[in-house]
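Listed here are the chains, written in short residue letters.
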Amino acid sequence: MNEGGMRTSGICKLSSSELPLVSIITVVYNRKTFLEQTIRSVLDQTYGNIEYIIIDGGSTDGSLEIIKKYNDRIDYWLSEPDEGMYYALNKGIRCSSGEYVGICHSDDYFYNCDVVQQLARLLMVEDADICHGDMITLNSDGSFGNRIISEAGKITETNNGIIHPSAFIKKEMFTRFGLYDTSFKSASDYELMVRFYSNGCMFKHLDSIVTVMRVGNHGRISANCYGLLEDFRIHRKYKTGNSNRFLLKYLYCIIHSSAKRLNLTSGKTVNGLKKVLRNLLVKD
């Protein structure tokens, strides 16, 4: 195990009524290209009481050297092999000390230096369990793409509503309702929000852009067949609407992707099956 940061030197931050401690977690594995921008976007925040934790999965591409460059400004970092992103996030939450927990993925960065200040203020004033803002995508040419609106109370069978990388969560919610479910490979963040919603947690929306996300680096932006199957599992478990809708979408995705690989996209049988499923989705 390789670890460092201010906490290993005995410097630990505390929470106060005026400035509750906010823990921000970045998990990374071989992402040196964008990692420094992520780190700087956290360290440059104007909010005065942030605990920054980085969990590295044993990177070999130079990511660890970037982390060590900021050793005297990062509260705690750990580098060791793990079983994936959700395992690493759980590890980060367990070793966090803040009243609130936010995530800043290693391909993303905060939109400006005031977003943590805005979210923390809203959490304190509104006494919310989860405070979430909007997200904007970043194209490969460096230009901004679409602004994705995060909507409180909009978790249904067709809409998650809550944008996970823009959400700050009371740590107490993880204690009461559990951490990320690692049985999901791509939808554990989605399942977490549905679980919180189903247990009556209070969501509050900040009408501001919180996070910039690079297009194509997160599975939830471009739905895939496996992700749809996991969505089916989630909504069947929590009974949040018609889970069969996701099963139909999954079947459509399988037929479409298989036909494309086999160059059968113009076949009458394939198109007929796709048409039936499309009609079912419209009627559902």
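Residues numbered from 1 in each chain as written. Predicted model: local features only at pLDDT ≥ 70, side-chain atom pairs only at ≥ 80, totals over all residues. Heavy atoms only, no water.

## Description of the packing of aromatic side chains
- All chains considered together, the criterion is met by 7 aromatic pairs.
- A ring pair is formed by Y86 and Y180, whose centres lie 5.8 Å apart and whose planes are at 20°; its orientation type is stacked. With Y86 in helix α3 (residues 85-94) and Y180 in the loop between α5 (171-177) and α6 (188-198), this pair connects stretches of sequence that are 94 residues apart.
- Ring geometry for F174 and F196: centres 5.9 Å apart, planes at 75°, overall edge-to-face. With a gap of 22 residues between them, F174 in helix α5 and F196 in helix α6 connect regions that are remote in the sequence. Exposure class is identical for F174 and F196. Each is buried.
- Directly above the aromatic system of F34 lies the positively charged group of R214, at a separation of 3.7 Å from the ring centroid. (Phe/Tyr/Trp six-rings, centres within 6.5 Å; stacked < 30°, edge-to-face > 60°. Helix = DSSP H or I, 4+ residues; strand = E, 2+ residues; numbered from the N terminus. Buried < 20%, exposed > 50% of the residue type's maximum accessible area, 1.4 Å probe, protein only. Lys NZ or Arg CZ within 6 Å of the ring centre and 35° of its normal.)

## Brief notes about the pairing of strand β8 (residues 144-148)
- Of the strand pairs in this sheet, strand β7 (residues 130-138) and β8 are connected by 3 bridges, and their pairing is antiparallel. Paired with L138 across the bridge in β8 is F144. (Pairing = 2+ DSSP bridges.)

## Quick notes on the pairing of β7
- Across the 9 residues of β7, 9 count as buried, placing the element largely inside the fold.
- When β7 meets strand β9 (residues 167-170), the two strands line up antiparallel, connected through 3 bridges. Looking across to β9, one finds that C131 is bridged to F168.
- In the sheet, β7 pairs with strand β10 (residues 203-214) via 8 bridges, with the strands oriented parallel. Across the sheet, residue I130 finds its bridge partner in β10, namely F203.

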